[in-house]
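Examination of the molecular architecture
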Amino acid sequence: MKNLISELLVKLAEKEEESKEFIAQIEALEIVVTAMLRRMEKNDREAIISNIEGALHDVHPAETVTSHDAELLKQYLDKLLTHPRE
């Protein structure tokens, strides 16, 4: 029983470390995208945002993706593109 608990704790620690890495990657990408958008001319920025929104509209989520998850993605993209980090 002690071995099972220790194995579970090791797996939990590994998952937590993976989660931290994913969060760091996402935050780094957010910073890069925000910096790029800020340096663009308004017309270029609006064209890219329009293309991204169009692509998102054309994508149909897989059956394994819940409508809630798809909506979260849409909301986050909208926030990132129209109200980037200050």
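Everything here concerns the structure above.
Here goes a summary of the coordinates provided. Everything numeric here is computed off the predicted structure, so don't read it as measured data. (Residues numbered from 1 in each chain as written. Predicted model: local features only at pLDDT ≥ 70, side-chain atom pairs only at ≥ 80, totals over all residues. Heavy atoms only, no water.)

The next thing to look at is the overall build of the protein chain. When helices and strands are counted, the protein chain shows three helices and zero strands. Its helices and strands taken in sequence order, the protein chain reads α-α-α from the N to the C terminus. Taking the principal axes of its C-alpha atoms as reference, the protein chain extends roughly 65 × 30 × 15 Å. Taking all 86 residues of the protein chain together, 8% fall into the buried category. Carbon together with sulfur atoms contributes 60% to the accessible area of the protein chain, which is approximately 7,700 Å² in total. (Helix = DSSP H or I, 4+ residues; strand = E, 2+ residues; numbered from the N terminus. Buried < 20%, exposed > 50% of the residue type's maximum accessible area, 1.4 Å probe, protein only. Areas by Shrake-Rupley, 256 points an atom, 1.4 Å probe, with all protein chains shown as cover.)

Moving on, we get to the side chain of T34. Here T34 is to be found in helix α1 (residues 2-39). A relative accessible area of 5% places T34 in the buried class. For T34, the side chain forms a polar contact with the main-chain oxygen of E30, separated by 2.8 Å. (Polar contact = N/O pair within 3.5 Å; in protein donor to acceptor, adjacent residues only side chain to side chain.)

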